[in-house]
Every structure is written in C-alpha cells, then in structure tokens.
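One-letter residues, chain by chain:
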Amino acid sequence: ARAALAELGLAGAFAVVTAAAPGGGSQDDAFDGARQAELEEAARAAATVVRRVDGVSPDGAHRERSVAVALPKDDGVALGRRFQQSAVFW
C-alpha cells in the first residue's frame, strides 16, 4: 500500500480531508459536491500533491468524497477546520 501511495506522490505524511457534512450534519449531494469542489481548489492552492480519494467506513456503508493532501499536520487540520470538519485523517 505504501508503494502505491508513493507512486501517487504521497510518499511521506499526508492528510485526508473532506468537505462533506460540515459540523457533522447531513447535506444533500449537490451541497456536498459544491463544497468538495471548493475544498479541492483550496487544497491545490496549499499543497504540491493533491489526490482525490474516498473516505469509507470499515463496514463500507458510508463513503465521503475527500482529498489526500501532502501538507504538514497543522495545515491539514486547518484545512479541515476551514470546511467545518470534526475530523481529519493523518
């Protein structure tokens, strides 16, 4: 898995951030899609490596569009906060 991530430019530490369901509340797909586009634009402005990924629950029942970004941890957390997220994967 690490070799595959390295091939995508994610050889070091990175954050996974979503813009879906800000504040933990559910939103319709159009709202989340528009916010995801804003997140991807903000991520490209902040990071040299940005990859579109999906965050998926262990049982596969829940999926959120996300981005993997090669940023320092504090910057990844700040990006998540900007999009009103309760969590960021690191």
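Above this note sits the structure.
Counting of residues starts from 1 at the beginning of each chain's written sequence and follows it residue by residue. Whole-chain, interface and lining totals are the exception, using all residues; otherwise, since this is a predicted model, local features are given only for residues with pLDDT of at least 70 and side-chain atom pairs are given and counted only at 80 or more. In computing side-chain values, all of the structure's heavy atoms are included and hydrogens and water are not.

Chemist: Give me the overall build of the chain: which residues, what numbers.
Modeler: Strands here mean DSSP runs of E at least two residues long; helices mean DSSP runs of H or I at least four residues long; both are numbered from the N terminus. Scanning the chain from N- to C-terminus turns up three helices and three strands. Mapped from its N terminus to its C terminus, the chain presents α and β elements in the order α-β-α-β-β-α. On C-alpha atoms alone, the chain measures out to a radius of gyration of 13 Å, which is about the 12 Å that the 2.2 N^0.38 rule sets for 90 residues. Here the chain holds 90 residues, and 33% of them are scored as buried. In what follows, residue pairs with any heavy atoms lying within 4.5 Å of each other are defined as contacts. In the chain, the proportion of contacts linking residues at least 24 apart, taken out of those at least 6 apart, comes to 56%. In short, Shrake-Rupley with a 1.4 Å probe defines the accessible areas, and a residue's cover is counted only from the protein chains shown. Entry remark: accessible area of the chain is about 5,700 Å², with carbon and sulfur atoms responsible for 51%. Throughout, the radius of gyration refers to the C-alpha atoms, and the reference size of a globule is 2.2 Å times the residue count to the power 0.38. Categorising residues by exposure relies on relative accessible area from a 1.4 Å probe, with only protein chains included: less than 20% of the type maximum marks a residue as buried, more than 50% marks it as exposed, and the intermediate range marks it as partly exposed.

Chemist: Summarise the pairing of strand S1 (residues 15-18); cite the residues concerned and give the values.
Modeler: Every second residue of S1 is oriented toward a common face, with Ala15 and Val17 on one face and Val16 and Thr18 on the other, all of them buried. Inspection of the sheet shows S1 paired to strand S3 (residues 63-69) by four bridges, in the antiparallel sense. Bridging across to S3, Val16 finds its partner in Ala68. For two strands to be treated as a pair, DSSP must find no fewer than two bridges joining them.

Chemist: I'd love a proper account of the layout of surface pockets, names of residues and values included.
Modeler: When its volume is computed, the largest pocket comes out at roughly 300 Å³. For cavity detection a 1 Å grid was placed over the protein atoms alone, and a set of points counts as a cavity when a 1.4 Å probe fits there but cannot get out; an open set counts as a pocket when protein lies on both sides within 12 Å along at least five of seven lines, with lining residues being those that have an atom within 4 Å of a point. Together, 19 residues line the largest pocket, and Thr18, Glu64, Gln85, Ala87 and Phe89 are the ones closest to its centre. Sort the elements by how many residues they give to the lining of the largest pocket and S1 lands first, with three residues. Grouping the amino acids of the lining of the largest pocket by side-chain chemistry returns eight nonpolar, ten polar and one charged. Grid points are joined across faces, edges and corners, and a volume is the space filled by probe spheres set on the points. As a working rule, the residues Ala, Val, Leu, Ile, Met, Phe, Trp, Tyr, Cys and Pro are called nonpolar, Asp, Glu, Lys and Arg charged, and the rest polar, with Gly in that last group.

Chemist: How would you summarise the environment of Gly55 if you had to cite specific residues and measurements?
Modeler: By secondary structure assignment, the location of Gly55 is in strand S2 (residues 50-56). In this structure the C-alpha to C-alpha distance between Gly55 and Phe14, which are 41 residues apart in sequence, comes to 14 Å. In contact with Gly55, not counting residues within four places along its chain, are His62, Arg63, Glu64 and Ser66.

Chemist: How would you summarise the side chain of Arg35 if you had to cite specific residues and measurements?
Modeler: Within the fold, Arg35 resides in helix H2 (residues 29-46). Sequence-distant contacts of Arg35, that is, excluding residues within four places in its chain, are made with Ala19, Pro22, Phe83 and Gln84.

Chemist: Break down the sheet that holds S3 for me, with residues and values.
Modeler: Ordered by their spatial adjacency, three strands build an open sheet running S1-S3-S2, and the pairing between neighbours is antiparallel. Both edges of this open sheet fall to S1 and S2, since each of them pairs with a single strand only. Here the average twist between neighbouring strands, direction ignored, is 40°. In this structure, S2 lies alongside S3, joined through seven bridges in antiparallel fashion. Whenever a helix is involved, its axis is fitted only over the stretch in contact; in every case the axis is a line through C-alpha atoms, and angles between N-to-C directions fall within 0 to 180 degrees.

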